[in-house]
Structures are given as structure tokens and as C-alpha cells.
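Take a look at the letters that make up each chain.
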Amino acid sequence: MHHGVFEGKKAKDQKMKVLILGESHHVSTDPSVTTDKIAGVPATYTTAAVVREHLEKRKTHDFLTKIAKSFDAEEEVEFWDSVYFGNYIDVLCGIGNSFAEKQVEENRKEYNDQVFRFVNKYNISKIFCFSVLAYKNLPDLADGEESRCETIGMRGRRRVYLRQCKYKAKTQRSGTSVILEKDLHVFGISHPQAKGGYSPEMYASSLKNQIEF
């Protein structure tokens, strides 16, 4: 996970601890910015700093607004105050190329170890993964564990899917060396900036009751 994971002000006090997992930070395309131009290295800023500047309206990020709306959140600040947020890939990625896929292919186990260590440390019960790439590369399911993929709507001619799986605690599995201390429920959701478009309202009917604040 990228350094500086965001922790909402009330996240640790929630009965159900939730991690929102994005895919990656991207290299800057702003010509006035001289840093964070190189893919493959960590950003100079933290993930938490990005969320804070969004909530303080110093620089808004449509990606974060769409995530909150995907849970039918009435108050965006209240939503982010109640969850953790991190990015799966620990370095900057390019835009419109296959750099992220290559990073995941080469570092899958390390990334999964980072996620599962975070889950254990912060007692996470559910992960909502807003990246199909990250979701599909999480640790493999063990025998007897379940997964499913359901169609929740159509966007033009494209089906919109909601994926989910459940990991059992105290179980060894491939794709990570970390053993979960408690059961974990993971949801896989399309990237909010996907080329085919994204409709928070389609997910809201399925996700709004999945988080208990």
C-alpha cells in the first residue's frame, strides 16, 4: 500500500472497521508541478494528504466523491471520517498505459502482504476495493471459501458487476504470507474513473447497507 494511509477521525471507534482500497496514485500531468513525474517511485505526498485536501476543499477529487456516493452517503465528510483509505500499489503509476498491471504482476505478494498486515493491525472487517485489477489480484481463496459476481445493472451495452468474496481467518493461502486474524469480507467495484463511465447510483442500492456507522 502507498505510504500514509488515511485514517478517518472516527474510523478506529467504529464497530465495523472498513478499508476503502483504491488502485494507485498517478504521475502528475500539471506543467506547473515539477515533482511526482516519474512512475515507479512513491509519491512525495501521502495518501492521507490527498483525502484531507479534498475534504478541506483545497483541491477536490471526483474519484473520492464518487466513492462516497456509491454508498449513498448523505454527508461526504462524515463518510470519510468513518473509514480508512489506501491505495493498493505503493508507487506512482502512469496514465492510460499498462504500468499498473505490470507493477501488480511483479509485486503481487508484497502488495497483498501489506494489505493483510494492515487488516490485522486495524481490525478491518470489510474491504471495498474500487479497482477490479486490485480485487482480482488479492490473495487466492482457500478451499471452502466463497466468491460471487453479480450483474447489478447496465451502462449502455456494458454490464455493471459487483464482485465479492469472503476470506476465513487462521487460513494459509497463496498470494500472501500473512494469515488473517479474523474473517474478512471483500467487495470488488469498478474504478470510478473507468473509461466506460461510472454510475455511483448503481452501486448505492447494493452497498448502502454494507457499512454500519
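Thresholds applied
- Residues numbered from 1 in each chain as written.
- Predicted model: local features only at pLDDT ≥ 70, side-chain atom pairs only at ≥ 80, totals over all residues.
- Heavy atoms only, no water.
- Salt bridge = Lys/Arg side-chain N within 4 Å of Asp/Glu carboxyl O.
- Helix = DSSP H or I, 4+ residues; strand = E, 2+ residues; numbered from the N terminus.
- Buried < 20%, exposed > 50% of the residue type's maximum accessible area, 1.4 Å probe, protein only.
- Core = buried A, V, L, I, M, F, W, Y, C linked by side-chain atoms within 4.5 Å.
- Contact = heavy atoms within 4.5 Å.
- Phe/Tyr/Trp six-rings, centres within 6.5 Å; stacked < 30°, edge-to-face > 60°.
- Pairing = 2+ DSSP bridges.

1. Focus: the pattern of salt bridges
In this structure the tally under the stated criterion is seven salt bridges. Across the pair Asp62 and Lys66 runs a salt bridge, and its minimum N-O distance is 3.2 Å. One end of the pair is Asp62 and the other is Lys66, both in helix α2 (residues 62-69) and four residues apart, which spans about a single turn. Classification of Asp62 by relative accessible area gives partly exposed; the value is 43%. Arg148 is the partner of Glu146 in a salt bridge, and the nearest nitrogen-oxygen pair spans 3.8 Å. For Glu146, a relative accessible area of 44% gives the class partly exposed. Counted as one network, the salt bridges with shared partners bring together Lys109, Asp113 and Arg117.

2. What about the nonpolar core?
Within the largest apolar cluster, 29 residues are counted, with the highest numbers of intra-cluster contacts made by Tyr88, Ile127 and Leu184. For this core, the leading source of residues is helix α4 (residues 99-122), giving seven residues. If we ignore the near neighbours within four places in the chain, the residues touching Tyr88 are Met1, Leu21, Gly22, Glu23, Val104, Arg108, Tyr111, Asn112, Val115, Ala134, Asn137 and Leu138. Grouped together as the second largest cluster of nonpolar side chains are 27 residues, Ile20, Leu55, Ala68 and Phe128 included.

3. Overview of the packing of aromatic side chains
Summed over the entire model, instances satisfying the criterion amount to 13 aromatic pairs. Look at Phe128 and Phe187: their rings are 4.8 Å apart centre to centre, the planes differ by 10°, and that puts the pair in the stacked class. In this pair, Phe128 sits in strand β4 (residues 124-129) while Phe187 sits in strand β7 (residues 184-188), placing the two residues 59 residues apart along the sequence. These aromatic residues form a ring-pair network of at least three members: Phe63, Phe71, Phe79, Trp80, Phe85, Phe128, Phe130 and Phe187.

4. Brief notes about the pairing of strand β5 (residues 147-155)
Alignment of β5 against strand β6 (residues 158-167), held across eight bridges, turns out to be antiparallel. Bridge assignment links Arg148 to a residue of β6, and that residue is Gln164. Counting the residues in the hairpin turn of β5 and β6 gives two residues, including Gly156, whose phi is positive at 65°.

5. Concerning the environment of Phe85
By the element assignment, Phe85 lies in strand β3 (residues 84-87). On a C-alpha basis, the gap between Phe85 and Leu19 in space is 5.7 Å, while along the polypeptide they are 66 residues apart. With residues up to four places along the chain from it excluded, the contact list for Phe85 reads Val5, Phe6, Leu19, Ile20, Gly22, Thr47, Val51, Phe63, Leu64, Ile67 and Trp80.

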